[in-house]
Amino acid sequence: MGFNCGIVGLPNVGKSTLFNALTETAAAEAANYPFCTIEPNVGRVAVPDPRLAILARLAGSEKIIATQLEFVDIAGLVRGASRGEGLGNKFLAHIREVDAIAHVLRCFEDGNITHVDGNIDPVRDAETVETELMLADLDSLERRVTAAQKKAKSGDAETRAQLAVMEPVLDALRDGKPARAVTFEPEQQRILHTLGLITSKPVLYVCNVEESSAGTGNRFSQQVEAFARAQGAASVVVSAAIEAEVAQLGDEAEKQEFLGSLGLAETGLTRVIRAGYELLGLLTFFTVGPKETHAWTVRRGSKAPQAAGVIHTDFEKGFIRAETIAYDDYVNAGSEAAAREMGRMRLEGSDYIVQDGDLFHFRFKA
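Residues numbered from 1 in each chain as written. Predicted model: local features only at pLDDT ≥ 70, side-chain atom pairs only at ≥ 80, totals over all residues. Heavy atoms only, no water.

## Focus: the overall build of the protein
Line of reasoning, step 1. Of the regular secondary structure elements, the protein holds 14 helices and 12 strands.
Line of reasoning, step 2. For the protein, buried positions account for 49% of its 366 residues.
Line of reasoning, step 3. Partitioning the intrachain contacts of the protein with sequence separation of at least 6 by distance along the chain shows that 69% fall at a separation of at least 24. (Helix = DSSP H or I, 4+ residues; strand = E, 2+ residues; numbered from the N terminus. Buried < 20%, exposed > 50% of the residue type's maximum accessible area, 1.4 Å probe, protein only. Contact = heavy atoms within 4.5 Å.)

Next up, the structure:
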């Protein structure tokens, strides 16, 4: 089950530097000029979860397999991208394919790194990119609504249901609001998802600050935080420069020592990954045994058979029941056997909604 987050932003904001550190590779070229990223780079990263090590120790697992997210580094957008300026059309298409957007904003001053608009204003930059994305959606939706309105006159129920979603979104876009600003019922939300609108995707604002502000943020990141809060979005503070240095350190102890010297408890990337995971509405369940402790990912609200299907499609097709132990119950008991003896193992059916931290044994018929 693939979940991906597209990294977007204006040129020279630190996107590729952040991506390189995020994936601990040099796959994306970081350079001080626009459009240095010509193709979207893709990297898979482990979602930090301290519960994995605890479960593996209790179960005596030989190895640990973390759940993962996919990050896509998309070339810098510029004003006019919706009209094809720069490499706009190509990269707007790439953004449509991701599940969520991590919008990197430059929140540092450096005379050696040029800014396309000549000065630092992250809220303006956020609005510039958001405007281009809304214009792209507006152009796409206007053409689709016109065609759908003609088809709906014939009484087509499916088209009418789509129009009930498209028309209020079109009104919002014309009013300068993103598609995600429109509230829909769950069934209509599913229709909205099928439209592939860029501004319907959830957004995380990533404030790239100078090294000295990595732990506390600065006046620019505070402006972004207020901007994000007003939109019901989240923001995270990182220093891409620090993350790039940490990525070069091979030993975990060395990384922690370096972070400690800067007064940081964890990397900014850990916060980005965790926030991206939450942004996508995901949760983790586990399978635990002597061979491995494995973290798996499902969307919040998923039922037990869907979780089984993440492991293998046959598990979902032939689902019978799920033997379930909550994470805290497992840890408090100290083992699966002890949890069973204490009556903490439950048998859950096909209507059970998966909870974060559940440990599962799935029973199914072949």
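Let's pick the thread back up.
## As for the pattern of salt bridges
Line of reasoning, step 1. If you walk through the whole model with that rule in mind, you get 18 salt bridges.
Line of reasoning, step 2. When the shortest N-O distance is used, the salt bridge between E70 and R44 registers 3.5 Å. Taken together, the positions of E70 in strand β4 (residues 68-73) and R44 in strand β2 (residues 41-46) put the pair 26 residues apart, joining distant regions of the chain.
Line of reasoning, step 3. Overall, the relative accessible area of 42% leaves R44 in the partly exposed class.
Line of reasoning, step 4. Here D137 makes a salt bridge to R96, at a shortest N to O gap of 3.1 Å. Of this pair, D137 sits in helix α4 (residues 122-152) while R96 sits in helix α3 (residues 88-96); the two residues are 41 residues apart in sequence, bridging distant segments of the chain.
Line of reasoning, step 5. Residue classification places R96 among the partly exposed residues on the basis of a relative accessible area of 27%. (Salt bridge = Lys/Arg side-chain N within 4 Å of Asp/Glu carboxyl O.)

## Focus: the pairing of strand β6 (residues 203-208)
Line of reasoning, step 1. Across the six residues that make up β6, a large majority, six, are buried.
Line of reasoning, step 2. Alternating positions in β6 separate into two faces, V203, Y205 and C207 on one and L204, V206 and N208 on the other, with burial throughout.
Line of reasoning, step 3. Where strand β5 (residues 100-106) and β6 come together, six bridges link them in parallel fashion. Opposite A102, over in β6, you have L204 as the bridge partner.
Line of reasoning, step 4. Note: β6 against strand β7 (residues 234-238), five bridges, orientation parallel. When the bridges of β7 are listed, V206 appears paired with V236.
Line of reasoning, step 5. For the crossover from β6 across helix α7 (residues 219-230) to β7, the handedness is right-handed. (Pairing = 2+ DSSP bridges. Right-handed = clockwise from strand over helix to strand, strands pointing away.)

## Considering the packing of helix α8 (residues 240-247) against helix α9 (residues 252-261)
Line of reasoning, step 1. Closest axis-to-axis distance for the α8/α9 pair is 10 Å, and the angle between their directions is 150°. As the angle between them shows, α8 and α9 are arranged roughly antiparallel. Read as a crossing pair, α8 and α9 show a hand that is right-handed. Here I242, E245 and V246 of α8 lie close against α9, whose contacting residues are K255, F258 and L259.
Line of reasoning, step 2. Class assignment for the residues of the contact of α8 with α9 results in four nonpolar, no polar and two charged. (Axes fitted to C-alpha atoms, helices over the stretch in contact; angles between N-to-C directions. Parallel < 35°, antiparallel > 145°, perpendicular 65-115°, else oblique. Left-handed = near helix turned anticlockwise from the far one by under 90°. Nonpolar A, V, L, I, M, F, W, Y, C, P; charged D, E, K, R; others polar.)

## Some remarks on the confidence of the model for the protein
Line of reasoning, step 1. When pLDDT is averaged along the protein, the result is 86; 90% of the residues meet or exceed 70.
Line of reasoning, step 2. Counted against residues more than four places away or in other chains, residues 26-38, with its pLDDT under 50, gives 34 contacts. (pLDDT = per-residue confidence, 0-100.)

## A short note on the pairing of strand β9 (residues 292-299)
Line of reasoning, step 1. With six of its eight residues buried, β9 lies for the most part within the structure.
Line of reasoning, step 2. In the sheet, strand β3 (residues 63-65) pairs with β9 via three bridges, with the strands oriented parallel. Each bridged residue has a counterpart across the sheet, and for I64 the counterpart in β9 is T293.
Line of reasoning, step 3. Examined bridge by bridge, strand β8 (residues 282-288) and β9 share seven bridges and lie antiparallel to one another.

## Considerations on the sheet that holds β6
In a beta sheet, neighbouring strands pair by backbone hydrogen bonds and run either parallel or antiparallel.
Line of reasoning, step 1. Within the open sheet, the six strands sit side by side as β2-β4-β1-β5-β6-β7. Their pairing is mixed. Of all the strands in the sheet, the pair left with one neighbour each is β2 and β7. Sheet twist, expressed as the mean angle between neighbouring strand axes with direction ignored, is 25°.

## As for the packing of aromatic side chains
Line of reasoning, step 1. This model, assessed by the stated rule, comprises nine aromatic pairs.
Line of reasoning, step 2. With centroids separated by 4.3 Å and ring planes inclined at 35°, the aromatic side chains of F315 and F364 adopt a geometry described as tilted. Separated by 49 residues along the polypeptide, F315 in helix α12 (residues 313-317) and F364 in strand β12 (residues 359-364) bring together distant segments of the chain.
Line of reasoning, step 3. Residue class for F364 comes out partly exposed when judged on its relative accessible area of 33%.
Line of reasoning, step 4. Members of the aromatic cluster, connected to one another through ring pairs, are F285, W296, F319, Y352, F360 and F362.
Line of reasoning, step 5. When the ring centre of Y327 is taken as reference, the NZ or CZ atom of R51 above it lies at 5.7 Å. (Phe/Tyr/Trp six-rings, centres within 6.5 Å; stacked < 30°, edge-to-face > 60°. Lys NZ or Arg CZ within 6 Å of the ring centre and 35° of its normal.)

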